[in-house]
Amino acid sequence: MSPVSHSEIDQSRLTRFLGFRLTRAKVQVHKIFLRRLSVLELSATEFSVLVLVGANPGVYLRQLGSALDVSPPNLVAVVDRLVQRGVLARLPSAEDRRLQELHLTDAGRHLLARAEAQVEMFETGLEQSLSAAERRCLDSALKKLAAFDPPRADPPGEPSGDPRDDPNQAGA
């Protein structure tokens, strides 16, 4: 029996799952997004940090981490790279000297403008691939999916680990 070529693989059992289809779309869009940023030697996280710092001068690392859902150690590495590149500055907070505010440098503002132009061109292409009705429908569906919070799916008879599900912990 000869191996099946990629074009012959039956993917119907996978493509029936919405999560798989969403992931495939995300991977395709993300590859193109990263290609656009790579011309400026930026990662997606670095771009996000620059955008948020540009919109929120003086933001603290903890606030950025919360907004981006990035752990502090990972975010520190990203911020360190941007500081070393000269596009981000850490300044002591006037309110609490233990905290450092993040600010864009002049070079950071310039890089952000170039990066946003790249992303806007990419976004225009994405939007043009959909009709106005499809864009509205997609926007609505993405908002619903982003807010989706299903009940826990623990195996039968297994405790969930969530104290809210333990009748012995009620009111604790």
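You'll find the structure just up there.
Conventions and cut-offs
Residues numbered from 1 in each chain as written. Predicted model: local features only at pLDDT ≥ 70, side-chain atom pairs only at ≥ 80, totals over all residues. Heavy atoms only, no water. Axes fitted to C-alpha atoms, helices over the stretch in contact; angles between N-to-C directions. Helix = DSSP H or I, 4+ residues; strand = E, 2+ residues; numbered from the N terminus. Parallel < 35°, antiparallel > 145°, perpendicular 65-115°, else oblique. Left-handed = near helix turned anticlockwise from the far one by under 90°. Contact = heavy atoms within 4.5 Å. Pairing = 2+ DSSP bridges.

A closer look at the packing of helix α3 (residues 44-55) against helix α4 (residues 61-68)
Then, in step 1: It is the contact of α3 with α4, at a shortest axis distance of 11 Å, that shows an interaxial angle of 120°. Here α3 lies oblique to α4, going by the angle between them. Between α3 and α4 the crossing geometry is right-handed. Between α3 and α4, the contacting residues are Ser48, Val49, Leu52 and Val53 on the first element and Leu64, Ala67 and Leu68 on the second.

Considerations on unusual backbone geometry
Then, in step 1: The phi dihedral of Glu41 falls on the positive side, at around 55°, and the residue is not glycine.
Then, in step 2: Looking at where Glu41 falls in the secondary structure, it is placed in the loop between α2 (18-38) and α3.
Then, in step 3: Here Asp69, not a glycine, exhibits a phi torsion of approximately 55°, which is positive.
Then, in step 4: Take Asp69: it is sitting in the loop between α4 and α5 (72-84).

Focus on the sheet that holds strand β1 (residues 59-60)
Then, in step 1: Within the open sheet, the three strands sit side by side as β1-β3-β2. Their pairing is antiparallel. Each having just a single partner strand, β1 and β2 (88-92) make up the two edges of the open sheet.
Then, in step 2: Pairing of β1 with strand β3 (residues 100-104) involves two bridges; the strand directions are antiparallel. Note on β3: the bridge partner recorded for Tyr60 is Glu101.
Then, in step 3: Set on the sheet, α5 makes contact with β2 and β3; between it and β2 the angle comes to about 105°.

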